[in-house]
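# Per-entry structural report
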Amino acid sequence: MKLTDYAAQLLQEIDAMGTRKNERPLLSPQASQIVTHSGGQAKQAINLCANNYLGLAADQRLVEAAKVALERYGVGMASVRFICGTQDLHQTLEQRTAAYLGMEDCIVFSSCFDANGGVFEPLLTADDAIISDSLNHASIIDGVRLCKAQRWRYHNNDMADLESQLKAAQSCRQRLIVTDGVFSMDGTIANLPAICELAEQYQAAVMVDDCHATGLLGSRGAGTPEMLSVEGRIDILTGTYGKALGGASGGYVAGSKAVVELLRQRARPYLFSNAVPPAICAAALAAIDIAEQADTARQQLQANAQRFRHGMTSAGFTLLGASHPIIPVLVGDAALAGEVADALLQRGIYVTAFSYPVVPKGMARIRTQMSAAHTEEQIDQAIAAFIEVGRIYQLIA
Ligand SMILES: *Cc1c(COP(=O)(O)O)cnc(C)c1O
């Protein structure tokens, strides 16, 4: 069979499962209210599915910072970092990120996907063990696959199971516990205090991927370690500039000087891929400056999340998660979740349905995400639309 025919056959299977993902172009910047197409017409909608937690994605301060850097440094580096792709901006961003997170040092990658893809292999060998949460992000799973370490997996946030895996891995040279700080399909937060306790008891290191926390959780937005008071007990912290910290791109690994320097020497996505464009670095730097001082935005974000949770729970919806602006609305059936999302867009509410294999079978959901940029009116409009659609599809009485 020709390769292209084979691809077409796989696409048919995807369609038969009802899991084809169709991209919806936005005609506006990323914001709490966006313009998209619906039935051939431009349509305004309240956006409840971006990772734009602090509303910085189209913020003029970031745009200005990027413009200045664009004029001063040009569009890009045409080089990897170690050949001639490092500008002072790259180093400033690394130092600034490390200081913000309270870590010794930091190395910037093109994305957090690359950071997670490159972090394990230089540090761990077949004599070592990675003990990974079952709900960790795909990039962690891939990074683990690329490294020869032995693999143990524990049930999501299950500390008894983590302890038994740590016991089983006792004979390994190094043990590294790896977890997402926030489990993004559920809107739940990793039990870092217990993880750190176990790590100390069983002499393991701890790595946290804080993509859905940096900028928004913790008193300064430094993420789950700050929120849960385990600063200084996390060995490796990875994250992204592509969510709360501006929403452009770039990711990082923060850790000790030795860990970061080893990654500079050996991490393959760093060594063999172009440097992050200077304008993006400048925008990320501006985002950190704003995020560090964003107490008001973080309060607004929490207030919005509470308002939505309260309104939806009162209306009878089943919500997942807690203490995070990711608020999944449980639907159950995959096809139904898709129909509910479409019906909401008809009413000017943009949401995305998630179903198997991203979440367990029968647990399809609409994952909503609040932003500090949403107004109370927008939140209330969203709740009203959910109630209307929820009645039609009998999600609520
Ligand atoms: C979004 C995300 C990533 C990927 O980050 P990018 O910078 O977009 O590549 C990695 N891990 C987690 C937990 C994420 O949520």
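Residues numbered from 1 in each chain as written. Predicted model: local features only at pLDDT ≥ 70, side-chain atom pairs only at ≥ 80, totals over all residues. Heavy atoms only, no water.

Spatially, seven strands are ordered β3-β11-β10-β9-β6-β4-β5 in an open sheet, and the strand pairing comes out mixed. Single-partner strands in this sheet number two, and they are β3 (105–109) and β5 (150–154). Going across the sheet, the axis of each strand differs from the next one's by a mean of 20°, ignoring polarity. The sheet contact formed by strand β6 (residues 175–180) and strand β9 (residues 205–209) spans five bridges and is parallel. Residue D180 lies in a different strand from β9, and its bridge partner there is D209. (Pairing = 2+ DSSP bridges. Helix = DSSP H or I, 4+ residues; strand = E, 2+ residues; numbered from the N terminus. Axes fitted to C-alpha atoms, helices over the stretch in contact; angles between N-to-C directions.)

Attention now goes to the site of the ligand. Every residue lining the ligand is accounted for by S111, C112, F113, N116, H137, S139, D180, D209, C211, H212, T240 and K243. Here an oxygen atom of the ligand sits 2.9 Å away from a polar atom, N or O, in the main chain of F113. H137 has a polar side-chain atom sitting 3.3 Å from a nitrogen atom of the ligand. Burial of the ligand by the surrounding chains reaches 83%, relative to a free accessible area of 380 Å². Counting residues per element, the shell around the ligand draws most heavily on helix α5 (residues 112–119), which supplies three residues. When grouped by side-chain class, the residues that make up the shell around the ligand number three nonpolar, six polar and three charged. (Near = heavy atom within 4 Å. Polar contact = N/O pair within 3.5 Å; in protein donor to acceptor, adjacent residues only side chain to side chain. Areas by Shrake-Rupley, 256 points an atom, 1.4 Å probe, with all protein chains shown as cover. Nonpolar A, V, L, I, M, F, W, Y, C, P; charged D, E, K, R; others polar.)

Turning our eyes to something else, we now look at the pattern of salt bridges. Across all of its chains, the model carries 18 salt bridges by this definition. The salt bridge involving R173 is made with D128; its shortest N-O contact spans 2.9 Å. Of this pair, R173 sits in the loop between α7 (159–168) and β6 while D128 sits in the loop between α5 and β4 (129–133), and the two are 45 residues apart along the sequence. By relative accessible area, which is 52% here, R173 ends up exposed. Between D142 and R145 there is a salt bridge whose closest N-O contact spans 3.1 Å. Here R145 and D142 lie together in helix α6 (residues 138–145), a separation of three residues that amounts to about one turn. The partly exposed category is assigned to D142, whose relative accessible area is 27%. If you follow the salt bridges from partner to partner, you end up with R96, R220, E226, D289 and E292 in one network. (Salt bridge = Lys/Arg side-chain N within 4 Å of Asp/Glu carboxyl O. Buried < 20%, exposed > 50% of the residue type's maximum accessible area, 1.4 Å probe, protein only.)

It is worth spelling out the environment of L198 at this point. Here L198 is to be found in helix α8 (residues 192–201). On the basis of relative accessibility, which here comes to 8%, the residue L198 falls in the buried class. Distance from L198 to G39, taken between C-alpha atoms, is 54 Å for residues 159 residues apart in sequence. The contact partners of L198, leaving out residues within four places of it in the chain, are M159, L162, E163 and L166. (Contact = heavy atoms within 4.5 Å.)

Let us look at the sheet that holds strand β1 (residues 33–38). Spatially, β1-β2-β13 is the arrangement adopted by the three strands of the open sheet, whose pairing is mixed. The open sheet has two free edges, formed respectively by β1 and β13 (349–350), since each of these has just one partner strand. Bridging between β1 and strand β2 (residues 41–47) involves six bridges; their strand directions are antiparallel. Opposite S38, over in β2, you have Q41 as the bridge partner.

Of all eight residues making up α5, six are buried, and the element is well covered by its neighbours. Along α5, the positions that sit buried rather than exposed are C112, A115, N116, G117, G118 and V119. Two to three positions downstream of the cap, the backbone nitrogen of F113 sits 3.3 Å from a side-chain oxygen, assigning the N-cap of α5 to S111.

With 15 residues, helix α12 (residues 278–292) extends 21 Å from end C-alpha to end C-alpha; this agrees with the ideal 21 Å at 1.5 Å per step. Of all 15 residues that make up α12, 12 are buried, and the element is covered over most of its length. All of the buried residues along α12 are P278, A279, C281, A282, A283, A284, L285, A286, A287, I288, I290 and A291. (Expected span 1.5 Å × (residues − 1).)

Turning next to the domain arrangement of the chain. Domain boundaries assigned for the chain yield domain 1 (22–54 + 294–392) and domain 2 (60–292). Using only C-alpha atoms to locate each centre, domain 1 and domain 2 end up separated by 27 Å. Listed per partner, the contact involves 22 residues of domain 1 and 22 residues of domain 2. A buried area of about 1500 Å², summed over both sides, lies between domain 1 and domain 2, and 56% of it is on carbon and sulfur atoms. When the buried surface of domain 1 facing domain 2 is broken down by residue, N51, R298 and H324 rank first, second and third, together holding 32% of it. At the surface where domain 1 touches domain 2, the tally comes to one salt bridge. One salt bridge connects D186 with R365, and the closest N-O pair in it is separated by 2.6 Å. Here domain 1 is connected to domain 2 by 12 residue pairs in polar contact (both at pLDDT 80 or more). Residue assignment for the side of domain 1 that touches domain 2 shows that the elements contributing at least two residues are α13 (295–314), β12 (326–332) and β15 (364–369). Of the residues forming the side of domain 1 that touches domain 2, the biggest block, four residues, is contributed by α13. (Domains from an automatic or database assignment. Buried area = accessible area lost by both parts, 1.4 Å probe.)

Quick look at the pairing of β9 now. In terms of residue burial, β9 counts as a mostly covered element, since four of its five residues are buried. Alignment of β9 against strand β10 (residues 236–240), held across three bridges, turns out to be parallel. Each residue of the ladder has a partner; that of V208, found in β10, is L237.

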